[in-house]
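Reading the structure
The chain contents come next:
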Amino acid sequence: MTTMWLVLGVAALVIIGTVGWVAWRDRARAVGAESAAAGQEAQSRQHRYEVERHGSQGGTIYGGQP
């Protein structure tokens with residue numbers, strides 16, 4: 001019975017340690033407000049580029065047809 005409690009205790013310590021380490025590691029990767037704004041700006045630029053490219057390709061393909 002003692003061996004079972006020892007194994008469960010060690011397993012619990014390993015799980016708690018792993019969760020704590022992952023939480024500590026991810027805290028350093030937290031995205032700030034500036035990073036979020038930069039990401040939204042990049043996504044907006046990409047969308048505008050795709051819209052313009054789609055429009056120019058449509059004009060090229062269908063430009064000569066009645």
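Attention here is on the structure that accompanies the text. (Residues numbered from 1 in each chain as written. Predicted model: local features only at pLDDT ≥ 70, side-chain atom pairs only at ≥ 80, totals over all residues. Heavy atoms only, no water.)

A word on the overall build of the protein chain
When helices and strands are counted, the protein chain shows 2 helices and 0 strands. Residue burial in the protein chain is summarised as follows: out of 66 residues, 0% are buried. (Helix = DSSP H or I, 4+ residues; strand = E, 2+ residues; numbered from the N terminus. Buried < 20%, exposed > 50% of the residue type's maximum accessible area, 1.4 Å probe, protein only.)

A word on the pattern of salt bridges
For the structure on display, the rule yields 2 salt bridges. The shortest N-O distance in the salt bridge between Arg 45 and Glu 41 comes to 3.2 Å. On the criterion of helical spacing, the pair formed by Arg 45 and Glu 41 is a turn pair, its members being 4 residues apart in helix 2 (residues 33–62). According to the relative accessible area criterion, Arg 45 is exposed, its value standing at 54%. Linking Glu 41 and Arg 48 is a salt bridge whose minimum nitrogen-to-oxygen distance equals 3.9 Å. Overall, Glu 41 belongs to the partly exposed group, its relative accessible area being 36%. Members of the salt-bridge network, linked through shared partners, are Glu 41, Arg 45 and Arg 48. (Salt bridge = Lys/Arg side-chain N within 4 Å of Asp/Glu carboxyl O.)

Here's the deal with a nonpolar patch on the surface
A contiguous nonpolar surface patch, about 490 Å² in accessible area, is contributed by Met 1, Met 4, Trp 5 and Leu 8. Given a relative accessible area of 45%, Leu 8 falls into the partly exposed group. (Patch = residues over 30% accessible without salt bridge, like charges linked within 9 Å, V, L, I, M, F, W, Y side chains within 5 Å. Areas by Shrake-Rupley, 256 points an atom, 1.4 Å probe, with all protein chains shown as cover.)

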